[in-house]
Amino acid sequence: MRQPPNLDELVGSDLDPQERARLERVHDLLIAAGPPPEPLEAPVTLRPARRRGALLALAAAVVVAAFALGAALVDGSSGRSVDFTETMAGTAAATGATASLAVFEIDEAGNWPMELTVSGLPPSASGRPFELWLTRDGGLAALCGGFFTNADGWATVPMNAPYRFDDFDGWVVIEEGSETPLLTT
Amino acid sequence: MHLVEIPEATDGQLIVRIARGDRGAFDELHGRYARAVLGLALRRLGDRGRAEDATQEAFVAIWRSARTYDPARGRGAAWLYAVARNAITDGLRRTPEPVAELEDGPGRDPDPADEAEASWIAWRVHRALEVLPDHERPVVELAYWRGLSQSEIADVLAIPLGTVKTRTRSALARLADELDGELG
């Protein structure tokens, strides 16, 4: 078995004592920890618990939606197929704000990857993030994700939805903790 | 197009974003902790295939449990460690195969407290290694876990010996910054 490396050989002997002690602590921890494993080859996938029937119904609903839109679009940057897009407009509480939501084809885990692009929505005065929700009967029904905009009011945010879209009737952006719509479909 | 970035997000901030369903935050956290979780699973299971399955389950548990994280009660790393360890242990209980936990040596049962300490140290160190730039990580791995001398590392990486020493010192200092206050 090989001997652990000698710290002085690794970093030299010209360090000040305080810094050397700090590095020696790390040196000891590296030896104690041992090597990390080789990286995973496959990315982790999320498999929300859902019934097969529900998944098929969701797939069917989106096929119909895509057909109604004419043809599936393709996201040029990633090559992912866009099943449908939604356009959102600012309410009186966020005049000038607009957003576009691209919903991509279902992934292998049964989730719907999405990308929300927002403009004209300055960061909230409270510092809290904004949230994208699915709505039903005029109320917030399912959270899709949170995001911050930059100083120019821009954001492009990847999100993910493990939901049946036909259970909902719209989308809304709010400030976290508020129920005042800022952007709606 | 302007991409919004939240540079240097802490683990805790990422967990909070995951609780809101932010898959991007999840991917970032996965990048930081995949090897640490896998390392923890390997320590418990000893088998690479089972450890990879357990790692998958651990990250699903992290995704589903993120809402239970309370930043006021501690650092994200400790919460992640607890969730991952519990998920791996739950998998052990479900598995029909005999448990193949690693031991320190023949006939020796590691003290549970020592084992827990060793697992925690490995967790934090393996996580901290992810902060090293690509040009610094190899000099650490070759020196500590391949047992190469500085001259051998210079030959393997085809860089001057002085560069090896500079990168090694820089990497250890970076790791010290990352680990300061958590393991001291």
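Residues numbered from 1 in each chain as written. Chains lettered and ligands numbered in written order. Predicted model: local features only at pLDDT ≥ 70, side-chain atom pairs only at ≥ 80, totals over all residues. Heavy atoms only, no water.

Structural notes on the overall build of chain B
Applicable threshold: Only runs of H or I of at least four residues qualify as helices and only runs of E of at least two qualify as strands under DSSP, and these elements are numbered from the N terminus. Exposure is judged per residue with a 1.4 Å probe applied to protein chains only, and the accessible area is read against the type maximum: over 50% gives exposed, under 20% gives buried, and values in between give partly exposed.
Helix and strand content of chain B: eight helices and zero strands. In chain B, buried positions account for 47% of the 184 residues.

Points about helix α6 (residues 137–144) of chain B
In an α-helix, one turn spans 3.6 residues; hence positions three or four apart end up facing the same way. The buried count for α6(B) comes to six of eight residues, which makes it a mostly enclosed element. Residues of α6(B) that are buried include every one of B:Arg137, B:Val139, B:Val140, B:Leu142, B:Ala143 and B:Tyr144, and no others.

Notes on the packing of aromatic side chains
All names here are of chain B. Note the following rule: For Phe, Tyr and Trp, where Trp contributes only its six-membered ring, two rings pair if their centres lie within 6.5 Å, and the inter-plane angle classes them as stacked under 30 degrees, edge-to-face over 60, or tilted in between.
Applying the stated rule across the entire model yields eight aromatic pairs over all chains. Centre to centre, the rings of Phe26 and Trp63 are 5.4 Å apart; their planes meet at 85°, and the pair counts as edge-to-face. Linking Phe26 in helix α2 (residues 23–45) with Trp63 in helix α3 (residues 48–65), this pair joins segments that are 37 residues apart in sequence. On the accessibility criterion, Phe26 (1% relative accessible area) is buried. Relative to Trp79, the ring of Tyr69 lies with its centre 5.7 Å away and its plane at 65°, an arrangement referred to as edge-to-face. With Tyr69 in the loop between α3 and α4 (76–94) and Trp79 in helix α4, the pair connects residues that are 10 residues apart, well separated along the chain. With a relative accessible area of 11%, Tyr69 lands in the buried category.

As for the confidence of the model for chain B
All names here are of chain B. So the rule is basically this: What pLDDT expresses is the predictor's confidence in each residue, scored from 0 to 100. Note on definitions: a residue-residue contact is assigned when non-hydrogen atoms from the two residues lie within 4.5 Å.
For chain B, per-residue confidence averages 81 on the pLDDT scale, and 82% of positions sit at 70 or higher. Segment residues 1–6 is flagged for pLDDT under 50; beyond a separation of four residues in sequence, or across chains, it makes 16 contacts in the model. The model gives residues 98–108 a pLDDT under 50, and that stretch makes 14 contacts with residues more than four places away or in other chains. For this predicted complex, the interface score ipTM comes out at 0.75, while the overall pTM is 0.53.

Quick look at the packing of α6(B) against helix α7 (residues 150–157) of chain B
Residue and element names in this part refer to chain B. Condition: Geometry is summarised by axes, namely lines fitted to C-alpha atoms with helices restricted to the contacting stretch, and by angles between N-to-C directions that run from 0 to 180 degrees. Orientation is classified from the angle alone, with under 35 degrees giving roughly parallel, over 145 giving roughly antiparallel, 65 to 115 giving roughly perpendicular, and any other angle giving oblique. By the definition used in this description, the sense in which the near helix is turned from the far one sets the handedness, with an anticlockwise turn below a right angle giving left-handed and a clockwise turn giving right-handed. Classes in brief: Ala, Val, Leu, Ile, Met, Phe, Trp, Tyr, Cys and Pro nonpolar; Asp, Glu, Lys and Arg charged; the others, Gly included, polar.
The contact between α6 and α7 brings their axes to 10 Å, and the two run at 130°. On the basis of the axis angle, α6 is oblique to α7. You can see that α6 and α7 cross each other, and the crossing is right-handed. Taken together, the residues of α7 that come into contact with α6 (itself represented by Pro138, Val139, Leu142 and Ala143) are Ile153, Val156 and Leu157. Taken together, the residues that form the contact of α6 with α7 break down as seven nonpolar, no polar and no charged.

Looking at the nonpolar core
Our working definition: Remark: nonpolar core denotes a set of buried residues (Ala, Val, Leu, Ile, Met, Phe, Trp, Tyr, Cys) joined through side-chain atoms within 4.5 Å.
Formed by 33 residues in total, the largest nonpolar core has its most connected members in B:Leu29, B:Tyr33, B:Leu80 and B:Trp123. Looking at this core, the elements with two or more residues in it are α1 (11–19), α2, α3, α4 and α5 (112–129) of chain B. Look past the residues within four positions of B:Leu80 in its chain and what remains in contact with it is B:Asp11, B:Ile15, B:Leu29, B:Tyr33, B:Ile62 and B:Trp123. Core analysis: the second largest hydrophobic core is formed by 32 residues, A:Leu10, A:Val26, A:Leu30 and B:Ala176 among them.

A look at helix α8 (residues 161–179) of chain B
This is how the line gets drawn: For a helix, the expected span equals 1.5 Å multiplied by the number of residues minus one.
Its 19 residues place the ends of α8(B) 27 Å apart at the C-alpha level, agreeing with the 27 Å of an ideal helix rising 1.5 Å per residue. Within α8(B), the full set of buried residues consists of B:Val164, B:Thr168, B:Ala171, B:Leu172, B:Ala173, B:Leu175, B:Ala176 and B:Leu179.

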